[in-house]
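Observations on chain architecture
Now for the letters of each chain:
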Amino acid sequence: MFTALLIFHAFIALLLIIVVIIQPGQAEGGVAMMGGSSTGSAFGAETGAVLTKTTAVLGAIFMLNSLILAVVGPHFMNQSSVVEKVIKEQKHKGKK
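The structure contained in this document is the topic of the report that follows. (Residues numbered from 1 in each chain as written. Predicted model: local features only at pLDDT ≥ 70, side-chain atom pairs only at ≥ 80, totals over all residues. Heavy atoms only, no water.)

A few words on the overall build of the chain. Helix and strand content of the chain: four helices and zero strands. Ordered by position in the sequence, the α and β elements of the chain form the string α-α-α-α. Buried positions account for 16% of the 96 residues belonging to the chain. Long-range pairs, those at least 24 residues apart, make up 87% of the contacts in the chain between residues at least 6 apart in sequence. Total accessible area on the chain is roughly 7700 Å²; 70% of this is exposed by carbon and sulfur atoms. (Helix = DSSP H or I, 4+ residues; strand = E, 2+ residues; numbered from the N terminus. Buried < 20%, exposed > 50% of the residue type's maximum accessible area, 1.4 Å probe, protein only. Contact = heavy atoms within 4.5 Å. Areas by Shrake-Rupley, 256 points an atom, 1.4 Å probe, with all protein chains shown as cover.)

Next up, the structure:
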């Protein structure tokens, strides 16, 4: 399960990178107002809104999956956090 979550995380990260790169820049509107020629969107007129929503959804999925991996990860890796190690050391010193 942990490996599947990591693969899913990498896939979402790649999709997020691609969607952000595809989005048109903010400067295009300013150039068009100044009289410069504007290049039309290669994917249609409503692409900006769709890409913005897609970026928000992918970002939310990425953050949620990151939190899940942070919680579930140590259980699968058989590791404890630094805080848990310090608490165990203090308890061990207190018993002596």
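Turning our eyes to something else, we now look at helix H1 (residues 2-22). Here H1 contains 21 residues, and its C-alpha end-to-end distance of 30 Å stays within 8% of the 30 Å for a straight helix at 1.5 Å per residue. The set of residues buried in H1 consists of Phe2, Leu5, His9, Ile12, Leu16 and Val19. All buried residues of H1 lie within an arc of 105 degrees about the axis, which places them on one face of the element. Residues of H1 that are exposed and point more than 90 degrees away from the buried face comprise Thr3, Ile7, Leu14 and Ile21. (Expected span 1.5 Å × (residues − 1). Arc of directions from axis to C-beta.)

Ranked by size, the top nonpolar core spans five residues in total: Ile12, Leu16, Val19, Leu51 and Leu58. The set of elements that each furnish at least two residues to this core consists of H1 and helix H3 (47-77). Take this core: its biggest share by element is three residues, from H1. (Core = buried A, V, L, I, M, F, W, Y, C linked by side-chain atoms within 4.5 Å.)

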